[in-house]
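Residue strings, one per chain:
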Amino acid sequence: MSTITRWVLVTVVLFLVLPVNPQVAAADEVIPRNPPLRWWKGNIHTHSLWSDGNDFPEMICEWYRTRDYNFLALSDHNTLSEGERWMPYSTIKERAGSQALDKYLDRFGPHWVETQGAPDAPDYAVRLKPLNEFRALVEQRGKFLMIQGEEITDQAAGKPVHLNATNIKSLIQPLGGQTVREAINNNLRAVEEQAQRAGRPILLHINHPNFGFAITAEDLAAVVKERFFEVYNGHPSIEHLGNATRPGVELLWDIANTLRISEFKSAPLYGVGTDDSHEYHGRPGSRPGRGWIMVRSRYLTPEHLIRAINAGDFYASSGVTLTDLKFDSKSQTLTVAIHGEAGVKYRTEFIGTKIDYDKTSQPRRGEDGEVLSSTRKYSTDVGQILHTVEGNLARYQLTGRELYVRALVTADRPVDDPAFAGQLQQAWTQPVGWQNHLVDDSSPKN
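Cut-off values and rules
- Residues numbered from 1 in each chain as written.
- Predicted model: local features only at pLDDT ≥ 70, side-chain atom pairs only at ≥ 80, totals over all residues.
- Heavy atoms only, no water.
- Pairing = 2+ DSSP bridges.
- Helix = DSSP H or I, 4+ residues; strand = E, 2+ residues; numbered from the N terminus.
- Contact = heavy atoms within 4.5 Å.
- Axes fitted to C-alpha atoms, helices over the stretch in contact; angles between N-to-C directions.
- Salt bridge = Lys/Arg side-chain N within 4 Å of Asp/Glu carboxyl O.
- Buried < 20%, exposed > 50% of the residue type's maximum accessible area, 1.4 Å probe, protein only.

Participant: Please set out the sheet that holds strand E3 (residues 86-88) residue by residue, giving values where relevant.
Facilitator: Sheet architecture is open: three strands sit in the order E3-E5-E4, paired in antiparallel fashion. The outermost strands of the open sheet, each flanked by one partner alone, are E3 and strand E4 (115-116). Judged from the three bridges that link them, E3 and strand E5 (residues 125-127) form a sheet pairing that is antiparallel. Across the sheet, the residue bridging to Met87 is Val126, located in E5. Docked against the sheet, helix H4 (residues 89-96) engages E3 and E5, running at close to 65° with respect to E3.

Structure (structure tokens):
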């Protein structure tokens, strides 16, 4: 018998005799070899006791995990949930009441929750667990993922400038600037440098531009290297709708993108939806579950999620779910398919600005007639409704005369926990059809 024959026989016998590991032999249903594209739901603006939130991070993660979210970024102000930190119980009680610790103990038990001192002593304290310690308790492979974040909380010219860095590795101290634009660019540069050093993608987006009416549409347009901002933030104090003298956030988006594409020959901003949650015990304030993003990716990893977000393959929502979202570059058709709920009616508005829009603008003035430090007032050509469709399926074919087109889907159902009066469930898609307008045709022709 030859050596080769003997080797073959031994191999066959071993295959027949030895037990086969069913985990290896069976297909992996959680992470298959060739997974399809699917939508992942997540929130990337969240606060805990590590800064000005009023609950323990594990409890916050449990809230999102048990409500079918797939990823969550804790983004406390100028701090990461890392290192050794004990918080006085008096501080926790003042911020959240006695129920916070009671619920924490009830869920995770005394073997996990660490305290020091006697419960009735002034020095009684609770240890805040860092992300690297508690993530193993809340993460689920292929189902729920934790991502490290930070809200870089800055200011410039007396105005708040807040930016969220998602998938950050180490803390970034706010760098400031003489102007809002300079502060945004300085912090963006710091994030880019860390991403390069760490060899990981980091997503940076501008938070709640109408908070303190700090960031104008012109600011959003001018910082062309920044590609993301919050078109919806669930905090009730961020002036989402604007007021009598200042525009709402959606109009800021349309003005900024019109200027970016037509004047700066730059890519538009993509819109993010977030909670900006601080309150987890039923009190008034910024509660969880109000705003999120749906990201289309094959894998639930920070790298793949951020890659999809960078490509614009996501949408923001405050209650409306889409089954499909597609832009056919050949036919220049944007298609929005809505996951309809029984008894709910949907309206899709295709919004954009045409290339021959009226470019005139004027300053906004207050009730006293004084010029406001605010977004200028533009013509109604900017961000106009180009087409409206009723029903669960909506399409719009671009004519080539639009700088961009985005879709806004509105249900006739109120949100479960509104951030402002009369709020309805909505979804915001990203602008499309803008690529062909980035070529500068002012250069001399032969």
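Resuming the write-up.
Participant: An account of the pattern of salt bridges is needed here, citing residue identities and associated values.
Facilitator: On inspection of all chains with the given rule, the structure shows 22 salt bridges. Between Arg65 and Glu62 there is a salt bridge, and its shortest N-O distance comes to 2.7 Å. Placement of both Arg65 and Glu62 in helix H3 (residues 57-65) is noted, with a separation of three residues, approximately one turn of the helix. Taking relative accessible area as the criterion, Arg65 reaches 23% and is therefore assigned partly exposed. The shortest N-O distance in the salt bridge between Asp417 and Arg290 comes to 3.2 Å. Taken together, the residues Asp417 in the loop between strand E20 (402-414) and strand E21 (424-428) and Arg290 in the loop between strand E10 (270-274) and strand E11 (292-297) connect sequence positions 127 residues apart. Exposure remark for Asp417: the relative accessible area of 22% places this residue in the partly exposed category. Connected through salt bridges with shared partners, the residues Glu84, Glu114, Arg127, Lys129 and Glu133 form a single ionic network.

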